[in-house]
Amino acid sequence: MAHNPVFMPVRRLAELVRSRQVSPVELAQLFLRRLEMLGPRYNAVVTLTRERAMEQARRAEREIAEGKYRGPLHGIPYGLKDLFATRGIKTTWGAERYKDQTPDYDATLVRRLEEAGAVLVAKLAMVELAGGFKYIQPNNAFTGPGLNPWDISTQSGGSSSGSGAAVAAGLVPFAIGTETWGSIVMPANNCGIAGLRPTYGRVSRHGAMPLSWTLDKPGPMCQTADDCGLVLNAIAGHDPQDPATTERIYEYDGEDWGEHTPGRRFRLAVPKDAAAEADDTVKSRFDKALKTLSGFCEIDEVPFPDYPYGAVTLGVFMAESASIWEEFIDNGYGETLTAPESRNYVYPRMAMLATDYLKAVRLRTIIAREADRVMAPYDAVVAPTCMIPAPPVAPKPKQSLKERSKEIVGALGNLAGLPAISVPMGFSDGMLPVGIQFMGRAYDDNAVIAVARAYQSVTDWHTRHPADVMG
Amino acid sequence: MPGKNTNREHELELRQNMIRQWYGDRVGEERLKAIREVVEEEVIDIGEALRETPLKMTDEPQPLFTPYRKDG
């Protein structure tokens, strides 16, 4: 191949595929080889989907040769978090109990990617049951903990652990993850890639393992913010099989930049004490990032109203997951979880009362309105994605509700279903990436992508890759 | 008339009893102690935090239920 597609952003790769300088069949073969060779190093892959990939790649090659180009994902390989149903391909949810689960249909998102011409090369590892029973250990039942390509003694992050690692190691041009509370942006932070959590309801959850009906959100994980927009464009849209999907049309404005034209100054809000709980590395990189952003943004420090964000989010999560997983819990399958400590977290949610849940969802309405009022004058809220770089692969220390509540942006953003994107903003002294997140008002997915894209146009953190995986 | 007894210990015992009655035979006494800690740090703490913010009777959850009719 005259061009090296590894680590190439989808937008550039797509141009090479469209102009037939790169063959979809060769691309699929290349990434299947990398997944096979390097995937086990990061515990990133559950199933290689070779047969389906080659069939899709050959079809893409034929269609493009005939002038039937479907768009920027045509012929581009991707990896899928192993909680999306794939017809005839095992969908394990990272758990022993579901190791042989083989759906007879494709999730809506998988179908949409197929229609866009993308090539499914792998089902990627995830934390067991998406960490729904408190992942004290970041384990997948079959592949072990997700390891970070920047340093395999640290976590790739969860629960979209394989998606984060696979993109960071150049095993796929893009991947799909899901977030209930942090599961896209945290692995994006740890692995130094772009991860977009779309507005709740932008992307269909049909065919995805449910953890919490009103918190679950599928989204893209890519080399760049711009690529996240390209992928979102293909997967967003109303789906009659997911009643939560919005009728609002989504169209990525990456090519004409819409109202976010180059040279336009963005308005950003930094929540008061956004980095107060961060370690020194994250604090200093965030300060530096704010200086960079001030070159093209007006930045205000903004106090957010005092609400129990963490408690409300956790209240919604606990009650919904108790109902979703009631049969699993009652039948004793919680005892099959790999981490013994997690097994004790299976039962307490069953003691949530209907009134606890309703109080949480009533408070959510008030919080969402208040947050929108505070955010209305701004293009995005900006904050560190995580308070630390990737932690070591070891059981997580217990985090109290009070501690979890301090990360307002994550709790509020997921509770209110707001879009957010994480992109790298530097490295620790130990060469671990750290991320910055931009969060927008509901349905302002394009605004957060635009700010992140503008930030990436004046920084080069996203062009750096782990040394031992270069293509 | 006295109000609802929301004393923390009382509330914890109430919720823990639910777990004990439903799953006690499966998990045994040792694990029930560990589970009790989780009930306290998650269920009870959440409940207390939620009660700190007063709500009006008209503060409704969103979205409201919509009646379903297949043919539109």
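Residues numbered from 1 in each chain as written. Chains lettered and ligands numbered in written order. Predicted model: local features only at pLDDT ≥ 70, side-chain atom pairs only at ≥ 80, totals over all residues.

**What to know about the overall build of chain B**
Put simply, the rule is: Elements are defined by DSSP. Helices are runs of H or I of four residues or more, strands are runs of E of two residues or more, and each kind is numbered from the N terminus. The reference for a compact globule is 2.2 Å times residues^0.38; the radius of gyration itself is calculated from the C-alpha atoms. Three exposure classes are used, all based on how many other C-beta atoms lie within 10 Å of a residue's own C-beta (placed from the backbone): buried at 20 or more, exposed at 12 or fewer, and partly exposed between those limits.
For chain B, the count of helices and strands is one helix and zero strands. Relative to the compact-globule value of 11 Å for 72 residues, chain B shows a C-alpha radius of gyration of 18 Å, a clear excess of over 25%. Taken along its principal axes, the extent of the C-alpha atoms in chain B is 55 × 40 × 25 Å. Scored against the burial criterion, the 72 residues of chain B give a buried share of 22%.

**A few points about the overall build of chain A**
In terms of regular secondary structure, chain A is built from 15 helices and 13 strands. Relative to the globule expectation of 23 Å for 471 residues, the C-alpha radius of gyration of chain A, 21 Å, shows essentially globular dimensions. Overall, chain A is about 60 × 55 × 45 Å in size when its C-alpha atoms are taken along their principal axes. When each of the 471 residues of chain A is scored for burial, the buried share is 59%.

**Topic: the sheet that holds strand S9 (residues 266-271) of chain A**
All names here are of chain A. Our working rule: Criterion used throughout: strands pair if DSSP finds at least two bridges between them. Working convention: axes come from line fits to C-alpha atoms, limited for helices to the stretch in contact. Angles between N-to-C directions cover 0 to 180 degrees. Any two residues are considered in contact once their C-beta atoms, placed from the backbone, lie within 7 Å.
Pairing in this open sheet of eleven strands is mixed, and the strands run S1-S3-S2-S6-S8-S7-S12-S13-S11-S9-S10 from one edge to the other. The sheet is open, and its two borders are formed by strand S1 (45-48) and strand S10 (297-302), each paired with just one other strand. Going across the sheet, the axis of each strand differs from the next one's by a mean of 30°, ignoring polarity. In terms of strand pairing, strand S7 (residues 194-197) meets strand S8 (residues 217-222) through two bridges, oriented antiparallel. Residue pairing across strands places Gly195 opposite Met221, the latter belonging to S8. In the packing of helix H14 (residues 408-415) onto the sheet, contacts are made with strand S6 (174-179), S9, strand S11 (380-384), strand S12 (420-427) and strand S13 (433-439), and the angle to S13 comes to roughly 45°.

**Considering the nonpolar core**
Heads up, the rule is: A set of buried Ala, Val, Leu, Ile, Met, Phe, Trp, Tyr and Cys residues, joined through C-beta atoms within 7 Å, is what we mean by a nonpolar core.
Among the nonpolar cores identified, the biggest contains 157 residues, and A:Tyr78, A:Val121 and A:Ile421 are the most heavily contacted of them. It is helix H1 (residues 8-51) of chain B that provides the largest number of residues to this core, a total of eleven residues. If near-sequence neighbours (up to four positions away) are discounted, A:Ile421 is found in contact with A:Ala194, A:Gly195, A:Leu196, A:Ala225, A:Cys228, A:Gln437, A:Phe438, A:Val448, A:Ile449 and A:Ala452.

**Considerations on unusual backbone geometry**
Residue and element names in this part refer to chain A. Going from Gly158 to Ser159, the amide bond is cis rather than trans, its omega being 10°. Here Ser159 shows up in the loop between strand S5 (151-155) and helix H5 (161-168). The backbone of Arg20 sits at a positive phi, close to 60°, despite the residue not being glycine. Here Arg20 falls in the partly exposed class, since 13 other C-beta atoms lie within 10 Å of it. The residue Leu129 is not glycine, and still its phi comes out positive at about 50°. Along the chain, the position of Leu129 falls in the loop between strand S3 (119-124) and strand S4 (147-148).

**Observations regarding the pairing of S12(A)**
Residues and elements named next belong to chain A. Burial analysis of S12 places seven of its eight residues in the buried class, which makes it a mostly covered element. Across three bridges, S7 lies against S12 in antiparallel orientation. Among the inter-strand pairings, Leu196 is bridged to a residue of S12, identified as Ile421. Of the pairings in the sheet, the one linking S12 to S13 comprises seven bridges and is antiparallel in character. By the bridge assignment, Phe427 is partnered in S13 with Pro433. Here S12 folds back onto S13 in antiparallel fashion, the turn holding five residues, of which Met431 has a positive phi close to 60°.

**Observations regarding the environment of A:Ala383**
Residue and element names in this part refer to chain A. Looking at where Ala383 falls in the secondary structure, it is placed in strand S11. Judged by C-beta crowding, with 26 C-beta atoms within 10 Å, Ala383 ranks as buried. Taking the C-alpha atoms as reference points, Ala383 and Ala269, separated by 114 residues in sequence, lie 8.8 Å from one another.

**Some details on helix H12 (residues 354-375) of chain A**
Let me state the cut-off plainly: For a helix, the expected span equals 1.5 Å multiplied by the number of residues minus one.
Its 22 residues place the ends of H12(A) 31 Å apart at the C-alpha level, agreeing with the 32 Å of an ideal helix rising 1.5 Å per residue. Looking at the packing, one finds that the buried side of H12(A) touches S9, helix H9 (309-324), S11 and H14 of chain A together with H1 of chain B.

**Concerning the environment of A:Phe142**
All names here are of chain A. Position of Phe142 relative to the elements: it lies in the loop between S3 and S4. For Phe142, a count of 17 C-beta atoms within 10 Å translates into the label partly exposed. In sequence terms Phe142 and Ala95 are 47 residues apart; their C-alpha atoms lie 7.4 Å from each other. The residues touching Phe142, leaving out its near neighbours within four places in the chain, are Val46, Thr92 and Lys99.

**A few points about the confidence of the model for chain B**
Worth spelling out the cut-off: Confidence per residue, as judged by the predictor, is encoded in pLDDT with a range of 0 to 100.
Looking at chain B as a whole, the pLDDT averages 90, with 97% of positions reaching at least 70. Taken over the whole predicted complex, pTM reads 0.96, whereas the ipTM for its chain interfaces reads 0.93.

**A look at the environment of B:Arg20**
With respect to the element layout, B:Arg20 can be found in helix H1. For the pair B:Arg20 and B:Arg36, spaced 16 residues apart in sequence, the C-alpha separation works out to 9.5 Å.

**Focus: the pairing of S9(A)**
Residues and elements named next belong to chain A. Which entries qualify depends on this criterion: Here the term right-handed applies to a crossover when the path leading from its first strand over the helix to its second strand runs clockwise, the strands being oriented away from the viewer.
In this sheet, S10 lies alongside S9 in parallel orientation, the contact comprising six bridges. Paired with Arg267 across the strands is Glu298, a residue of S10. For the handedness criterion, the β-α-β arrangement of S9, helix H8 (residues 280-293) and S10 is classed as right-handed.

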